[in-house]
Amino acid sequence: MDYNVNERGYYDEFGGAFVPEMMYPNIEELRENYLKILNDQSFKDEFSLLLRDYVGRPSPLYYARRLSEFYNTRIYLKREDLNHTGAHKINNTVGQILIAKRLGKRRIIAETGAGQHGVATATVCALMGLKCIVFMGKVDVERQKPNVLRMKMLGADVVPVTKGNMTLKDATNEAFRYWINNPVDTHYIVGSVVGPHPYPDLVARLQSVISEEMKWQLEEHTGRPDPDFIIACVGGGSNAAGSFYHYLDNEKVKLIAVEAAGKGIDSGESAATIALGYPGIIHGSKTILMQNDDGQITEPYSISAGLDYPGIGPLHAWLDKSKRASYENATDTETLEAAFQLTRLEGIIPALESAHALAVLGKHKFKKDDVVVVTISGRGDKDMVSYIKYMEEKNF
Amino acid sequence: MNRINKLFQTHKGRILSIYFTAGYPTVDSTAEIIRALEAAGADMVEIGMPFSDPVADGPVIQNSSQQALNNGMSAKLLFRQLENIREQVNIPLLLMGYLNPVVHFGINEFCMKCEEVGIDGVILPDLPPDIYMVEYRDFFEKHNLHNIFLITPQTSEGRIRTIDKYSDGFIYMVSSASTTGARDSFSAKDVEYFSRISKMKLNNNCLVGFGVSNKKTFSQVCDYTSGAIIGSAFVNILKEKGTGSKSIKNFIDAIRK
Ligand SMILES: Cc1ncc(COP(=O)(O)O)c(C=O)c1O
């Protein structure tokens, strides 16, 4: 089975670039240049140096002893939460800002949900001296306040979006509109493996450093590069894509992606796209998305702003259809429990997004000597308000 | 012959096409607005199919789309409302919208329904020309429907030639790098683009859309092209003055006079 994007920008039937003509020149410019740039030695050198000295890579692969004892298996945590700015998102923005510079762009736009991608974008813009505009749903502006303040301190303009559900989908719409109105000089740093080709492939390649490191780190820890399971959360799917990337062709490694079930799959308040969606087109990509009988995109819900998206990257639509990865989901409550479990067993406060991945550990029967890698995509600082509320409710 | 081709054969310029969002301001005003537009002298009508995520649209059409959806508009309902439209009007009618609802409806069923009710063309800004040619053209042609492609000031000459080759009916010239929305006048740079395209002597007629709103902008584009499409400015009239045939007539007259 082929899990790579083909020449036309598709993962089998999913992907493509369904963009209005107004966006075509920018997408085409990126499509023509991205592989050339990624394969250029000067890009590679600059990218890996920044990942090492600025982001702090490699991110540790940590053997979680007490969590392992609890689940009676061997659990390793891929610590993307320890990256500069606190999530995997920075791997992508460092790469894309180098591309933007090589394309001669002066202004950067981005959408953000949890604010992690916005912060990671504002950070690299400060680093490179480029102007930065971040679109963020008003609901997310309110529930992820610390990240809004960080972006502002970094010099970015944060534009609150008051349309629709005022979350990630609406922020992405606004970024598209801004790009249509400002086609020259502007690069759009898409934050996940979503959007028109070449974004899904570009972002997956930039995030693939996660599984590249996993290989040699596992070899050091266990004597072999391959785990039995890799578990990662999926919003658009970039940390999962990066975690799976170098294992896609190794079918012995079982891949588990975890979506946000919100208040439950059947509650009407959920963001579990694979569980609830149908094929269609969202944000320039043919993929699976949540929609009603009339093909209107439905409003998702999740406690976690970063997973609150009604679509999923086309690579994931294909990994699901081809059964290469299994798509599971976790509710808000299961997620909160998992976050507190990790905190109390390992002293690590995960992002709400990442806690979704942890929340399925109890739903599997792992063998004692199975090697299970869970990607901790980000840290929980931004989610303290939600965590404190939960503690108060539970009288912790 | 398709009514769009007939229009361009008989009218050699100053063609005025009007866009409105189906289901706005009220859910059942569709046929009434189309009738009023024909009576007022519009040459063609683009019926907007509202979509939840209209990324190519500015605030006015975003709002009318959201309101229309809240009012209960859907593709199914729209086709039902259009069932007898050909007993009422003769001008060409197009549907304009986004790809996802069409894909969800089923492309073959969609084209069939269009032909059944008497639709002449479809405008789907997020359907790229290459995909149209490979995956959609057969369905459109089978049902005597034209797919209308967009070009912008950033579209390269080579690509414009390709789009001209693929097109039948007319080419939709987006006035400038922008989402939809009314403007008071076009700049010298915009006019230079109209003139540049006009000098290319394309096989298809061009209509300019996005930004045309009044007598001045209509005249500016008519100097170089076959006419214009007015959307946001008309949706604003519906919002402010309602669907009465008198205010619709006044609006068209003010542009044409
Ligand atoms: C910490 C963290 N994890 C995961 C995600 C979800 O994104 P993706 O599915 O692209 O990894 C986000 C998005 O904001 C995030 O901040």
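Let me begin by describing the structure that accompanies this report. Owing to the predicted nature of the structure, the values given are computational and were not obtained by experimental measurement.

Residues and elements named next belong to chain B. Along helix α1 (residues 3-10), the positions that sit buried rather than exposed are Ile-4, Leu-7 and Phe-8. Along the axis of α1, the buried residues cluster in a sector spanning 90°; they form a single face. Exposed residues on α1 whose side chains face more than 90 degrees from its buried face are Gln-9 and Thr-10. Where α1 is buried, its residues meet β1 (15-21), β2 (44-48), β3 (93-96), β4 (121-123), β5 (146-147) and β8 (206-209). For α1, the N-terminal capping position is held by Asn-2, with its side-chain oxygen 2.8 Å away from the main-chain nitrogen of Ile-4.

So, about the interface of chain A and chain B. Of the residues lining the interface, 29 residues belong to chain A; the matching set on chain B comes to 37 residues. For the pair chain A and chain B, the summed buried surface comes to about 2700 Å²; carbon and sulfur atoms form 55% of the total. By the criterion of area lost to chain B, the three top residues of chain A are A:Glu21, A:Met22 and A:Arg177, representing 24% of everything that side buries. Between the two partners, chain A and chain B, sit two salt bridges. Of the charged contacts, one joins A:Lys169 and B:Asp53 as a salt bridge, the two residues approaching to 2.8 Å between their closest N and O atoms. Our count for the chain A to chain B interface comes out at 18 residue pairs in polar contact (both at pLDDT 80 or more).

We now examine the pattern of salt bridges. Residue and element names in this part refer to chain A. A complete count under the given rule lists 35 salt bridges over all chains for this structure. Of the charged contacts, one joins Lys-138 and Glu-142 as a salt bridge, the two residues approaching to 3.6 Å between their closest N and O atoms. Here the residue Lys-138 and the residue Glu-142 both occupy positions in helix α6 (residues 138-143), the gap between them amounting to four residues, near one helical turn. Note that Lys-263 is salt-bridged to Glu-269, the shortest N-O span being 3.4 Å. A relative accessible area of 51% places Lys-263 in the exposed class. When its relative accessible area of 33% is taken as the criterion, Glu-269 is described as partly exposed.

Rules used throughout
Residues numbered from 1 in each chain as written. Chains lettered and ligands numbered in written order. Predicted model: local features only at pLDDT ≥ 70, side-chain atom pairs only at ≥ 80, totals over all residues. Heavy atoms only, no water. Buried < 20%, exposed > 50% of the residue type's maximum accessible area, 1.4 Å probe, protein only. Helix = DSSP H or I, 4+ residues; strand = E, 2+ residues; numbered from the N terminus. Arc of directions from axis to C-beta. Contact = heavy atoms within 4.5 Å. Polar contact = N/O pair within 3.5 Å; in protein donor to acceptor, adjacent residues only side chain to side chain. Buried area = accessible area lost by both parts, 1.4 Å probe. Salt bridge = Lys/Arg side-chain N within 4 Å of Asp/Glu carboxyl O.

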